[in-house]
Amino acid sequence: MAHADDAQQAVPNTPGTRTDGDGVTRRRPLRERHVEETIEVAVPVRTAYNQWTQFKTFPRFSAVVRDVEQIRPTVTAWSIGYGPLRHRFAVEILEQDPDAYLAWRGLEQHPSHQGEVEFRPTGSGGTAITVRILLEPRGAARVLTRSSGATRLTARLVRGELLNFKHFIEGLGQEGGAWRGTIRNGRVQHDHPEPPRSRVAQWPVG
């Protein structure tokens with residue numbers, strides 16, 4: 001498992017955009033971040049991606065996620081913590097490409113964060129999953145975030161969660177559900193326009 005958590009790289013930077021060969025404009029990956037962690041799992045990309053995006057199943061393997069609630073089609077509320085301690089915050093999915101990429105931003109104010117996860121096939125038929133996180137502290141929290149101890153703590157947490165996911169999905173051998181939609185700039189992209197009067201939510205998680 002590789003990682004890079006040097007605080008010297010931690011300059012807030014919002015990803016730009018890129019235009020792929022298919023002419024579709026997508027976000028560029030975070031060039032600057034506090035944490036980057038990669039792990040390989042012994043399941044195909046489609047299986048790993050499908051299971052990862054079933055956010056409500058995170059409490060089944062996570063050491064810190066206690067509950068995930070769907071708020072809007074691209075917004076979820078996460079409850080995390082140890083023991084009796086709990087912290088609840090909302091996350092908005094900004095970009096989502098099936099079997100490839102997912103980018104999000106925290107909707108907290110003090111502090112917040114943004115992140116992304118990439119899925120790449122390996123030569124052995126498995127999947128390399130890379131998570132990048134950029135913390136965006138405000139006020140006094142900036143001092144803590146600049147310290148190597150804070151970034152290393154975040155890196156250890158991410159590494160542990162990736163390892164938990166690896167054991168979980170390899171134990172299952174197949175995904176427990178799937179949502180194969182695409183999200184651009186925080187909006188679900190529909191293959192066919194919905195009827196003008198339709199107000200049925202299209203949830204991006206199972």
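Bear in mind the structure is a predicted one, so any value in this text is a computation, not a measurement.

Thresholds applied
- Residues numbered from 1 in each chain as written.
- Predicted model: local features only at pLDDT ≥ 70, side-chain atom pairs only at ≥ 80, totals over all residues.
- Heavy atoms only, no water.
- Helix = DSSP H or I, 4+ residues; strand = E, 2+ residues; numbered from the N terminus.
- Buried < 20%, exposed > 50% of the residue type's maximum accessible area, 1.4 Å probe, protein only.
- Contact = heavy atoms within 4.5 Å.
- Areas by Shrake-Rupley, 256 points an atom, 1.4 Å probe, with all protein chains shown as cover.
- Pairing = 2+ DSSP bridges.
- Phe/Tyr/Trp six-rings, centres within 6.5 Å; stacked < 30°, edge-to-face > 60°.
- Core = buried A, V, L, I, M, F, W, Y, C linked by side-chain atoms within 4.5 Å.

Draft legend 1. The overall build of the chain, seen in detail. Helices and strands together make up the secondary structure of the chain, namely 3 helices and 12 strands. Expressed as a percentage of the 206 residues in the chain, the buried residues total 45%. Long-range contacts, defined here as pairs at least 24 residues apart, represent 57% of the contacts in the chain between residues at least 6 apart. Accessible surface computed for the chain: about 11,100 Å², of which carbon and sulfur atoms make up 52%.

Draft legend 2. Molecular detail of the pairing of strand β10 (residues 127–136). Counting buried positions over the 10 residues of β10 gives 9, a clear majority of the element. In terms of strand pairing, strand β9 (residues 112–121) meets β10 through 10 bridges, oriented antiparallel. Note on β10: the bridge partner recorded for glycine 115 is isoleucine 133. Following β9, the chain reverses through 5 residues before pairing antiparallel with β10; glycine 125 in that reversal takes a positive phi of roughly 95°.

Draft legend 3. Quick look at the environment of proline 44. Turning to its location among the elements, proline 44 is positioned in the loop between β4 (35–41) and α1 (45–52). Counting along the chain gives 130 residues from proline 44 to glutamine 174, while the straight-line C-alpha distance between them is 9.2 Å. Other than its neighbours up to four places away in sequence, proline 44 contacts Gly125 and Thr127.

Draft legend 4. Layout of the environment of leucine 157. By secondary structure assignment, the location of leucine 157 is in helix α3 (residues 148–172). Among the residues examined, leucine 157 registers a relative accessible area of 38% and is labelled partly exposed. Once the C-alpha coordinates of leucine 157 and valine 64 are considered, the two residues, 93 residues apart in sequence, prove to be 8.8 Å apart. For leucine 157, the residues in contact, after removing those within four places along its chain, are Val64 and Tyr82.

Draft legend 5. Focus on the packing of aromatic side chains. Following the criterion strictly, the structure yields 10 aromatic pairs and no others. Pairing phenylalanine 55 with phenylalanine 58 gives two aromatic rings, centres 6.3 Å apart and planes at 45°, and the pair type is tilted. By the burial criterion, phenylalanine 55 is buried, and phenylalanine 58 matches it. Ring centres of phenylalanine 58 and tryptophan 78 lie 5.2 Å apart, and the angle between their planes is 85°; on these two criteria the pair is classed as edge-to-face.

Draft legend 6. Here's a closer look at the nonpolar core. With 35 residues, the main nonpolar core has Trp52, Phe55, Trp78, Val117, Phe119, Ile129 and Val131 as its most contacted residues. For this core, the secondary structure elements donating two or more residues are β4, α1, β5 (65–72), β7 (87–97), β8 (101–106), β9, β10 and α3. No other element matches α3, which puts 6 residues into this core.

By themselves, these are just geometric observations and shouldn't be taken as functional.
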